Amino acid sequence: MMPPTVSVAMSVYNSQSFLKAAIESILHQTFEDFEFIIIDDGSTDRSLKILQHYAAQDPRIRLSSRENRGVPATRNEILAQAQGELLAVMDADDVALPDRLQRQVDFLHHHPNCVWLGGAFTLIDERDRILTTIRMAEDNETIQRILLEGHTSFLHSSAMIRKSALRQVNGYDERFKTGSDLDLWLKLTEIGEVSNLPEVVVKYRIHTQSISSDQQASQWQNAQLIFDAACQRRGLSYRIPATGCRFRPTADRASQLDYMLKYGWWAFNSAQRWTALFYGWRALMLSPLTLAAWKLLICSLSKPLPQSATR
């Protein structure tokens, strides 16, 4: 039997709330020549039972389960099992658009020098409410230029990567419990071209519950170490600064308020009136005397939606 073209990689840990949508978004792809490698990384909720249900129905799923080892180790384990020439990363709480794999396979077959391909993505919350669509820099030259200015242009859960390139850079660095995806991306930009499709390929889910300040500090520290190592490999005489988490608040009230306002305006400008109203109300509950919260709430109730978003 010929090996599949694509190996879809999913690491799962306590994702029962969103797992069904994530799995079905892969099983219903228009491109069908893939294997779906899933490792349950020691889940303590119903994730494994959900995975076993789907694995019993679709032979493309290759499921295994063991104790928790963390995301980088799990992804390396999947890489070792992968038979496809291309590896598509899929997070257990995101949703792939039906033509994601087909679009990415077609692009990579026509661009043999490209080792990493991402795409645009739509931000959704835990209730599937649309917040906004993010479009990344698309061509390698632009991505590399803005990278040296301290800005990254990738969403890991939208990535399709050549397996040969992954193995050339030794996969994910397991020293980084957070940030191993950034480290991998930087290494891949040094051995080949990278690109993003202009089309949306995934819905990327953000959870509006807070990330602890300690965890976000660890993410930033690891990111700076990773950028510093990249500068050393590239022989750069200056430091590329790391940036913090772009989509999630920390536990403090000010950060929560800032992100509720951000989500609300994103939703309003995406013609999602009820979502904007929801986040306006949440902002108001956090800080009833903040004028910005009142402004968002009133605009969500009464202002016309942006014309460009409603066409």
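Scroll up to find the structure.
Throughout what follows, the structure given in this document is the object of discussion. (Residues numbered from 1 in each chain as written. Predicted model: local features only at pLDDT ≥ 70, side-chain atom pairs only at ≥ 80, totals over all residues. Heavy atoms only, no water.)

Considerations on the overall build of the protein
Here comes step 1: Within the protein, the regular secondary structure consists of 12 helices and 9 strands.
Here comes step 2: In terms of overall dimensions, the protein is globule-like: its C-alpha atoms have a radius of gyration of 20 Å, near the 19 Å expected for 311 residues.
Here comes step 3: Here the contacts in the protein between residues at least 6 apart in sequence split such that 77% fall between residues at least 24 apart.
Here comes step 4: Per element, the accessible surface of the protein, about 14,700 Å² overall, is 53% carbon and sulfur.
Here comes step 5: Within the protein, the 34 negative side-chain charges are centred at a point lying 5 Å from the centre of the 34 positive side-chain charges. (Helix = DSSP H or I, 4+ residues; strand = E, 2+ residues; numbered from the N terminus. Rg over C-alpha atoms; globule rule 2.2 N^0.38 Å. Contact = heavy atoms within 4.5 Å. Areas by Shrake-Rupley, 256 points an atom, 1.4 Å probe, with all protein chains shown as cover. Lys, Arg positive; Asp, Glu negative; His and termini not counted. Charge placed at Lys NZ, Arg CZ, Asp CG, Glu CD.)

A look at helix H10 (residues 273-286)
Because an α-helix packs 3.6 residues into every turn, residues spaced three or four apart end up facing the same way.
Here comes step 1: A rise of 1.5 Å per residue sets the reference length of H10, with its 14 residues, at 20 Å; its end C-alpha atoms lie 20 Å apart and thus fit the reference within 8%.
Here comes step 2: Turning to H10, its buried residues are Thr275, Ala276, Leu277, Tyr279, Gly280, Ala283, Leu284 and Leu286.
Here comes step 3: Those residues of H10 hidden inside the fold are in contact with strand S7 (130-134), helix H9 (253-269) and helix H11 (291-302). (Expected span 1.5 Å × (residues − 1). Buried < 20%, exposed > 50% of the residue type's maximum accessible area, 1.4 Å probe, protein only.)

A few points about the layout of surface pockets
Here comes step 1: Considered as a void within the structure, the second largest pocket measures approximately 150 Å³ in volume.
Here comes step 2: Residue lining of the second largest pocket: Met1, Met2, Pro3, Pro4, Glu32, Asp33, Phe34, Glu35, Arg62 and Gln83, and that is the complete set.
Here comes step 3: Its residues assigned to classes, the lining of the second largest pocket comprises 5 nonpolar, 1 polar and 4 charged. (1 Å grid on protein atoms, 1.4 Å probe; cavity = no way out; pocket = protein on both sides within 12 Å on 5 of 7 lines; lining within 4 Å. Points joined across faces, edges and corners; volume = space filled by probe spheres on them. Nonpolar A, V, L, I, M, F, W, Y, C, P; charged D, E, K, R; others polar.)

Topic: the packing of aromatic side chains
Geometrically, a pair of aromatic rings is defined through the distance of the ring centres and the angle of the planes.
Here comes step 1: Using the criterion set out here, one finds 8 aromatic pairs in the structure.
Here comes step 2: Ring geometry for Phe154 against Trp185: centres 4.8 Å apart, planes inclined by 20°, an arrangement best described as stacked. Pair noted here: Phe154 is in the loop between helix H5 (140-147) and strand S8 (160-162) and Trp185 is in helix H7 (residues 180-188), with a separation of 31 residues, a long-range link. In this pair, the class of Phe154 matches that of Trp185, namely buried.
Here comes step 3: Their ring planes at 75° and their centres at 5.5 Å tell us that Tyr263 and Tyr279 sit as a pair that is edge-to-face. With Tyr263 in helix H9 and Tyr279 in helix H10, this residue pair connects regions lying 16 residues apart in the sequence. One exposure class covers both Tyr263 and Tyr279, and it is buried.
Here comes step 4: Among the aromatic side chains, those forming a connected cluster through ring pairs are Tyr259, Tyr263, Trp266, Phe278 and Tyr279.
Here comes step 5: One Lys or Arg, Lys262, reaches over the ring of Tyr259 and ends 4.5 Å from the middle of that ring. (Phe/Tyr/Trp six-rings, centres within 6.5 Å; stacked < 30°, edge-to-face > 60°. Lys NZ or Arg CZ within 6 Å of the ring centre and 35° of its normal.)

Function cannot be read off these values alone, since they describe shape.
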